[in-house]
Amino acid sequence: MSAGTYASNTNLEPLFAFLQSSYSVAESTWNQIPGSAVVTRYIRSSHRDDPGRTLLEILLFLFAVRTLLQSRTRAEGSGKNFVKLSEKEIDELVDEWIPESLAPSLDVPEQIELNNLPVIQGAAGPKPKLVNTGKTVLNLASYNFTGLAGDERITNQAIETLRNYGVGSCGPPGFYGTIDVHIALENDIASFLGTESAIIYSQAFSTASSVIPAFCKRGDIIVADRSVNFAIHKGIQVSRSTVRWYDHNDLRSLEEVLESVERERIKKRLPLTRRFIVTEGIFENDGAMVDLPKIIALKNKFKFRLCLDESMSFGSVGRTGRGLTELYNVPATEIDLLVGSLATGLCATGGFCAGTRHVVDHQRINGTSFVFSAAMPALLAVSASQGIQILTNSPSTLSTLNENVNLVRSILDKVDGIHIPSHPASPLIHIQLPPPTEPRSPLPTPTSFISSPRSPKHPAEERILQEIVDEALVQGVLITRAKRLRGQEVVEPRPTIKLAITSALNKKDMEKAALVVKGAIGKVLSRRRKLAV
């Protein structure tokens with residue numbers, strides 16, 4: 001080594017020592033900041049999975065710093081490039097400004113529909129009284145499958161709880177919002193389903209849309225049925241995972257998608273990430289039912305986890321209402337994430353997710369709806385626990401429900417001019433007009449989440465179905481069209497009439513209701529055929 005080089009290195013040693021000392025101090029200071037370990041872990045994981053993204057984030061950070069430091073305007077200090085307005089001109093501009101409407105105005109059909117919505121007086125039981133007409137009607141519009149709405153045992157328990165606990169919880173579950181009845185309800189759900197643990201959410205819609213992003217992150221893979229409900233779609237969208245869709249309730253299509261995911265991973269030598277199959281037990285959009293044993297066989301074969309939404313099947317299917325696991329005699333432990341609705345199944349409010357203790361505890365920290373929403377009111381938690389006890393001790397309730405479902409299907413299956421996509425055992429029955437001879441809509445892609453126009457895709461069908469609903473109401477039966485969020489659904493289902501069968505009506509009333517619906521369909525379709533001629 002030459003004398004010049006040695007001297008140069010000797011001169012730089014203090015600089016290197018200073019840089020090393022500064023780095024050590026900066027690292028020590030950074031590690032003392034709360035949450036710094038999470039940020040460090042995120043940066044390392046992000047750089048490992050996508051180095052190009054690290055470069056992009058550095059550029060964006062530098063651009064943000066530059067933007068903050070530079071002057072807000074390129075104008076000179078004199079302000080000669082600004083247009084100076086007098087006070088009078090400013091007032092005139094303010095007076096002329098008209099703010100844009102926050103939402104488009106309702107069109108005529110929407111306004112008529114809104115004005116004619118039936119309003120129930122009192123509790124929404126099996127035979128409510130309408131404010132609009134004063135008539136008592138047979139209710140096939142409310143999700144009161146097992147007749148728990150208005151049950152005196154639940155009402156008395158809720159009143160007693162209201163006196164002891166008050167109305168609200170006054171805080172999220174993790175911040176003074178959890179009370180003993182919440183823990184009792186979680187234990188009741190876990191025991192009822194046969195899982196290790198369970199967690200409750202205060203809103204049913206927020207359950208699936210919170211559970212999915214709690215476990216699925218960017219880089220993970222979700223294989224989902226293209227017709228899952230809107231809450232699941234929102235959860236998938238928030239998760240930012242890679243999504244693969246399969247044809248609605250088509251297990252052959254599901255297997256092909258699972259095989260393609262595995263082939264792509266091997267071909268591109270991708271790392272093995274978390275992979276989920278997401279589907280519903282009974283589909284909210286059409287009442288179809290999934291073949292649970294075959295789904296479980298596929299998830300075990302391809303090493304996926306299963307997220308099953310039983311919002312429509314919990315409390316309405318099986319000998320005691322335990323859902324598809326009871327109907328198919330499948331242990332609930334075979335399902336990794338078992339999601340359900342307490343509002344639909346038990347006529348209370350909120351939702352739940354059942355699984356292992358590790359799965360449940362993870363949501364107490366990472367489930368956005370659980371962390372940031374107020375806890376469920378105590379009286380509704382007690383009502384749900386009481387509902388579980390009633391279903392456990394009264395299997396005849398589900399037997400009556402099954403008999404009513406079979407009775408209604410035996411009448412409606414013989415009606416010409418309609419199509420029923422629902423499973424024969426489903427208490428949620430959808431009625432469609434015959435499917436049009438048009439090409440099926442393509443599978444949704446990530447860009448499908450962009451809102452589309454608000455106008456309905458099938459206006460003629462919706463008008464006919466609404467006429468059937470109105471005709472049935474005139475004859476004393478309350479039914480409804482399935483309502484959609486136009487422009488927000490990823491795959492907007494075809495219009496349907498939705499019937500919610502209940503065990504609270506006896507055989508005579510249920511037969512009467514089914515015959516009224518049958519007559520309304522025949523009358524409206526006959527009138528339409530005459531007008532067409």
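Just so you know, these numbers come straight off a predicted model, no measurement behind them.

Asker: Just checking my understanding: could you explain the pattern of salt bridges for this structure?
Answerer: Side-chain pairing between opposite charges can occur once the charged atoms of the two side chains come close. Tallied over the full model, the rule gives 22 salt bridges. Two residues, Arg494 and Glu461, come together in a salt bridge whose shortest N-O distance is 2.9 Å. Placement of Arg494 in the loop between strand S13 (480-481) and strand S14 (497-500) and of Glu461 in helix H19 (residues 459-474) is noted, with a sequence separation of 33 residues between them. For Arg494, a relative accessible area of 16% corresponds to the buried category. Via salt bridges that share partners, Glu113, Glu462, Arg481 and Lys483 belong to a single interconnected network.

Asker: I'm lost on the sheet that holds S13 in this one. Help?
Answerer: Hydrogen bonding along the main chain pairs the strands of a sheet, whether they run parallel or antiparallel. Taken together, three strands build an open sheet; the order of strands is S11-S14-S13 and the sheet is antiparallel. What marks the edges here is a single partner per strand, and that holds for strand S11 (428-431) and S13. Two strands pair when backbone bridges link them, and S11 and S14 are joined in this way by four bridges, in the antiparallel orientation. For His430, the partnering residue across the bridge sits in S14 and is Lys498.

Asker: Help me understand the side chain of Ser422 in this model?
Answerer: Take Ser422: it is sitting in the loop between helix H18 (396-412) and S11. For Ser422, a relative accessible area of 5% translates into the label buried. A polar contact is formed between the side chain of Ser422 and the backbone oxygen of Asp286, at a distance of 2.7 Å. Look past the residues within four positions of Ser422 in its chain and what remains in contact with it is Asp286, Gly287, Ala288, Arg409, Leu428, Ile429 and His430.

Asker: Would you explain helix H11 (residues 251-268) in this entry?
Answerer: Note that an α-helix has 3.6 residues per turn; residues three or four places apart therefore point the same way. Its 18 residues give H11 an end-to-end C-alpha distance of 26 Å, which sits within 8% of 26 Å, the value for a rise of 1.5 Å per residue. Restricting attention to buried positions, one finds in H11 the residues Leu251, Ser253, Leu254, Val257, Leu258 and Val261. Looking straight down H11, one finds its buried side chains confined to an arc of 160 degrees; they lie on one side. Across from the buried face of H11, at angles greater than 90 degrees, the exposed residues are Arg252, Arg263, Ile266 and Lys267.

Asker: What am I meant to see in the environment of Glu259 here?
Answerer: Relative to the assigned elements, Glu259 resides in helix H11. On the accessibility criterion, Glu259 (30% relative accessible area) is partly exposed. Sequence separation of Glu259 and Thr333 is 74 residues, and the distance between their C-alpha atoms is 25 Å.

Asker: Looking at this model, I keep getting lost on a nonpolar patch on the surface. Mind explaining?
Answerer: A cluster of nonpolar residues, Leu55, Ile58, Leu59, Phe61, Leu62, Val65, Leu68 and Leu69, forms a patch on the protein surface that exposes about 850 Å² of accessible area. On the basis of relative accessibility, which here comes to 63%, the residue Leu68 falls in the exposed class.

Asker: Got a minute to help me understand the pairing of strand S7 (residues 275-280) in this structure?
Answerer: Working note: regular strand, side chains alternate between the two faces of the sheet. Most of S7 sits out of view: six of its six residues are buried. The two faces of S7 match: Arg275, Ile277 and Thr279 on one face and Phe276, Val278 and Glu280 on the other face are all buried. Summarising the sheet, strand S5 (residues 221-225) and S7 pair through four bridges and their orientation is parallel. Of the residues in S7, the one forming a bridge with Ile221 is Arg275. Across five bridges, S7 lies against strand S8 (residues 305-309) in parallel orientation.

Thresholds applied
- Residues numbered from 1 in each chain as written.
- Predicted model: local features only at pLDDT ≥ 70, side-chain atom pairs only at ≥ 80, totals over all residues.
- Heavy atoms only, no water.
- Salt bridge = Lys/Arg side-chain N within 4 Å of Asp/Glu carboxyl O.
- Helix = DSSP H or I, 4+ residues; strand = E, 2+ residues; numbered from the N terminus.
- Buried < 20%, exposed > 50% of the residue type's maximum accessible area, 1.4 Å probe, protein only.
- Pairing = 2+ DSSP bridges.
- Polar contact = N/O pair within 3.5 Å; in protein donor to acceptor, adjacent residues only side chain to side chain.
- Contact = heavy atoms within 4.5 Å.
- Expected span 1.5 Å × (residues − 1).
- Arc of directions from axis to C-beta.
- Patch = residues over 30% accessible without salt bridge, like charges linked within 9 Å, V, L, I, M, F, W, Y side chains within 5 Å.
- Areas by Shrake-Rupley, 256 points an atom, 1.4 Å probe, with all protein chains shown as cover.

Distances and angles like these do not, on their own, reveal function.
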